[in-house]
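The primary structure of each chain is shown beneath.
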Amino acid sequence: MASDAERLKIGISACFMHPDPARALFTGKTLQYVEQSITHWVMSTGALAVMIPSPTGATRRGDVTLDHYAQWLDGLVLHGGADVSPLSYGEEPIEERWSGDKLRDEYEIELVAAFERRGKPVFGVCRGLQLLNVAYGGTLYQDIQTQLPQALVHRDASVYDRNFHTISVLPDTRLAQLYPPTGPFKVNSIHHQAIKQLAPGFAAEAVSNEDGLVEAIRRADPAKPYAAAVQWHPEFHLPDSDTLDDAALLEDFLAAARAVRHRS
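Residues numbered from 1 in each chain as written. Predicted model: local features only at pLDDT ≥ 70, side-chain atom pairs only at ≥ 80, totals over all residues. Heavy atoms only, no water.

A word on the packing of aromatic side chains
To be explicit about the condition: In this analysis, rings of Phe, Tyr and Trp, with Trp reduced to its six-membered ring, are considered paired at centre separations within 6.5 Å, and the interplanar angle assigns stacked below 30 degrees, edge-to-face beyond 60, and tilted for intermediate values. What counts as a helix is a DSSP run of H or I of at least four residues, what counts as a strand is a run of E of at least two, and both are numbered from the N terminus. Exposure categories follow from relative accessible area, calculated using a 1.4 Å probe and restricted to protein chains: below 20% of the type maximum is buried, above 50% is exposed, and the middle band is partly exposed. Throughout this description, the term charge over a ring refers to an Arg CZ or Lys NZ atom that lies within 6 Å of the ring centre and within 35 degrees of the ring normal.
On inspection of all chains with the given rule, the structure shows seven aromatic pairs. Taken together, a centroid distance of 5.9 Å and an interplanar angle of 40° make the contact between Phe123 and Phe253 tilted. With Phe123 in strand S6 (residues 122–125) and Phe253 in helix H7 (residues 247–263), the pair connects residues that are 130 residues apart, well separated along the chain. For Phe253, a relative accessible area of 1% puts it in the buried group. Joined through ring pairs, the aromatic side chains of Trp41, Phe123, Tyr226 and Phe253 make up one cluster. Here the basic side chain of Lys186 rests over the ring of Phe164, its NZ or CZ set 4.5 Å away from the ring centre.

Next up, the structure:
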């Protein structure tokens, strides 16, 4: 493990829970939180996990901005949660239940921009992949089952993170360098939205074997700041599981964070 001075500081974007009169606790309050597994995943190699709260909102005080966090931290993880709003990529919701969280979208898109300005790496997980794609000009399928009825069921609430399918890692990609050509690989699947149009400047690195949906992306130009994401949840991988090992993904991202720190 790294010494205290050497430990990377990795920001994790917050999930939002907006005021809800039906909620028993904090009824009229906005809650910001992170899911435990993603923090433990980041900390597994000795990095420090730091939730980045949104500095805006009705209770805002002080002059802290997301740029301050981007300057202080070494990298950013965008993690799972609510749907990305179709409004964030220029569409109207097909159904009200797929309206997503526009406020969180705006916060995370600005987070991505802040880390981009500092030249620091960004890694997305599940919603994080979708958000990263939208932040750079891509679009999404609002609901796979509705818009691609022949596709695999990618989210099954009854089994949640025990829903699996296989992916193929595409040749001549960074992901193909991280994992030996022994696929297909088994991953968990907990999403009902997916990439429709890939963002300009990004390349697909893995696809679902069953229906061809994009499962991993990466910025194509290595001269630009590191930006990559996966549709599955590497933080849910268990040591005794036959799902794709998460270690190489995390180390690739953290290596990019170390490289930027050493250049500073």
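Considerations on the pairing of strand S13 (residues 227–230)
Threshold: At least two bridges found by DSSP between two strands are what make those strands a pair.
Burial of the side chains of S13 extends over both faces: Ala227 and Ala229 are buried on one face and Ala228 and Val230 on the other. Bridge count between S6 and S13: four bridges; the pairing is parallel. Within S13, the residue paired with Phe123 across the bridge is Ala228. Bridge analysis of strand S12 (residues 214–219) against S13 gives three bridges, and the strand direction is antiparallel. Bridged to Arg218 within S13 is Ala228.

Brief notes about empty space enclosed by the protein
Test applied: Definitions used for this entry: grid spacing 1 Å over protein atoms alone; cavity, a set of points where a 1.4 Å probe fits but cannot get out; pocket, an open set with protein on both sides within 12 Å along at least 5 of 7 lines; lining residue, one with an atom within 4 Å of a point. Grid points are joined across faces, edges and corners, and a volume is the space filled by probe spheres set on the points. Under the scheme applied, nonpolar residues are Ala, Val, Leu, Ile, Met, Phe, Trp, Tyr, Cys and Pro; charged residues are Asp, Glu, Lys and Arg; polar residues are all the others, including Gly.
The final tally for this structure, using the stated rule, is two cavities of 30 Å³ or more. Roughly 40 Å³ of internal volume is contained in the largest cavity. Lining of the largest cavity is provided by Val112, Phe115, Glu116, Lys120, Val122, Leu132, Tyr136, Arg219, Pro225, Tyr226 and Ala227. With three residues, the top contributor of residues to the lining of the largest cavity is helix H3 (residues 102–117). A class-by-class count of the residues in the lining of the largest cavity yields eight nonpolar, no polar and three charged. Phe123, Leu175, Glu205, Ala216, Ile217, Arg218, Ala228, Ala229, Val230 and Leu249 are the residues that line the second largest cavity. Put simply, the parts of the chain that give the lining of the second largest cavity at least two residues each are S12 and S13. Its residues placed into classes, the lining of the second largest cavity shows eight nonpolar, no polar and two charged.

Topic: the environment of Leu254
Which entries qualify depends on this criterion: Here, two residues are considered to be in contact whenever any of their heavy atoms come within 4.5 Å of each other.
You can see Leu254 is positioned in helix H7. Sequence separation between Leu254 and Leu76 is 178 residues, and the spatial gap between their C-alpha atoms is 10.0 Å. In contact with Leu254, not counting residues within four places along its chain, are Leu8, Ile10 and Thr45.

What about the sheet that holds strand S4 (residues 48–52)?
Spelled out, the test is: For every element, the axis is a line fit to its C-alpha atoms; helices are fit only across the contacting stretch, and the angle between N-to-C directions ranges from 0 to 180 degrees.
If you trace the nine strands from one edge of the open sheet to the other, you get S4-S1-S5-S6-S13-S12-S11-S8-S9, paired in mixed fashion. With partners counted over all chains shown, the strands left at the sheet margins are S4 and strand S9 (185–188), one partner each. Here the strands of the sheet are splayed against their neighbours by 25° on average, with no regard to which way each runs. Bridge analysis of strand S1 (residues 9–13) against S4 gives five bridges, and the strand direction is parallel. Looking at S4, one finds that Gly11 is bridged to Val50. Each of S1, strand S5 (75–78), S6, S12 and S13 touches H7; the most contacted strand, S1, lies at about 120° to it.

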